[in-house]
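Structural overview for review
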Amino acid sequence: MEVPNLTKLTYQTFQQSKNYFGLAHKILSSQLRNLVYPTLEQKTKPIPNEVVLKLQERLNQVLETDWQDAQKGVYPESLLFDNPWEDFFRYYPLVWLDFPQMWERVKQQNYQDFSPEIDTDGYPSYYVQNFHHQSNGYLSDLSANLYDLQVEILFGGAADPMRRRILAPLKQGLKAFDSVPPRQVRILDVACGTGRTLKMIRAALPQASLFGTDLSPAYLRKANELLSQIPGELPQLLQANAEELPYLDNYFHGVTSVFLFHELPAIARQSIIEQCFRVTKPGGVFIICDSIQLSDSPELEQMMDFFPEAFHEPYYRHYTTDDLVERLHRAGFENIEMQIHFMSKYFIAHKPA
């Protein structure tokens, strides 16, 4: 018994250190911003103690679930300790160097600010935004290199544990295709970004055929760099708009989408859900992981109100009240389950067999 307990303690310490680091980063960067740009000081009400305790409880719960899923064999224990250390040491200084441009953008309220060398033609208008105030939005290599680091800091080191919550329902959903040889099982990750979710799916399902789409060529380059380091078949990545997925009807046994839907206007949310329905096989599973909503976490309303302003998320406020279950039903999905893990909400939907 001692060895697993030691491993669990190591995991908890690893996660706690990431949490403390994220907190320290936020405090220092806020103090520096208030010093350099005092007009940008964010006047936020202090979070009530009971809400802080609730958040800590939720964080502890997601870490415990993460540990338990590894013990059950949903994915290898090594995934718990997967951290892009090389990227961290190389790119963390650049996070700080990018702050002055971000703050200037906030000051000018300039949220469609792209360098002349960035080609913004052909993208949906809702996509050409400086999401998170990032320089060049999602369309530069620098943005792709900084993204995972920024998200980990934002969630105090819990972004990966939240991503991994799709793996158990995905494997459960794929049981409908137990008669299909593992190598013939096809899984699509929509808006795959830097490929971190695909890397986790590969660890949980080492033989499945994996596919990923994203609008950003820069993020796909980063995903290719990350995924090419893993032994075995390379996931097939395509630059594509999720509103027009370039795949045959009824092609995928499982479809996932992580942290996409809050960055979409309502009409795009619906059309992407309908595309995901179209490409999912009868009996297949579609899993969305995204932000919590007001209906499930009313006590965190203050934080949800603050988030879109602090991180330039123009469609987030509407997302927090949007009925995604109704949207999934409208597209044809059934047997929809919802889960909450820390700051994320999960929709597990099935296409009728």
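To be clear, the structure that these remarks concern was listed above.
All of the points below concern the structure found in this document. (Residues numbered from 1 in each chain as written. Predicted model: local features only at pLDDT ≥ 70, side-chain atom pairs only at ≥ 80, totals over all residues. Heavy atoms only, no water.)

**A short note on helix 10 (residues 301-310)**
- Among the residues making up helix 10, those that are buried are Met 304, Phe 307, Pro 308 and Ala 310. Projected down its long axis, helix 10 carries its buried residues within an arc of 165°, all on one side.
- On its buried face, helix 10 sits against helix 4 (141-154) and helix 11 (316-321). (Buried < 20%, exposed > 50% of the residue type's maximum accessible area, 1.4 Å probe, protein only. Helix = DSSP H or I, 4+ residues; strand = E, 2+ residues; numbered from the N terminus. Arc of directions from axis to C-beta. Contact = heavy atoms within 4.5 Å.)

**Side note on the packing of aromatic side chains**
- As enumerated under the stated definition, the model contains 33 aromatic pairs in all.
- The cationic tip of Arg 186 hangs over the ring face of Tyr 251; the distance from NZ or CZ to the ring centre is 4.0 Å.
- Here the guanidinium or amino end of Lys 351 rests over the ring plane of Phe 277, the centre of that ring lying 4.4 Å away. (Phe/Tyr/Trp six-rings, centres within 6.5 Å; stacked < 30°, edge-to-face > 60°. Lys NZ or Arg CZ within 6 Å of the ring centre and 35° of its normal.)

**Points about the sheet that holds strand 5 (residues 280-291)**
- Strand order in the open sheet made by the 7 strands is 3-2-1-4-5-7-6, with mixed pairing throughout. For this open sheet the edge positions go to strand 3 (236-239) and strand 6 (334-341), each flanked by a neighbour on one side alone. Direction aside, neighbouring strands of the sheet carry axes that sit 15° apart on average.
- Contacts from helix 7 (residues 196-204) reach strand 1 (186-190), strand 2 (209-214), strand 3 and strand 4 (252-258), with the element oriented near 170° to strand 2. (Pairing = 2+ DSSP bridges. Axes fitted to C-alpha atoms, helices over the stretch in contact; angles between N-to-C directions.)

**Looking at the pattern of salt bridges**
- Across all of its chains, the model carries 23 salt bridges by this definition.
- Notably, a salt bridge pairs Asp 66 with Arg 165, separated by 3.2 Å at the nearest N-O pair. With Asp 66 in helix 2 (residues 49-71) and Arg 165 in the loop between helix 5 (159-163) and helix 6 (167-174), this residue pair connects regions lying 99 residues apart in the sequence.
- Taking the relative accessible area as the measure of exposure, Arg 165 reaches 2% and is therefore buried. (Salt bridge = Lys/Arg side-chain N within 4 Å of Asp/Glu carboxyl O.)

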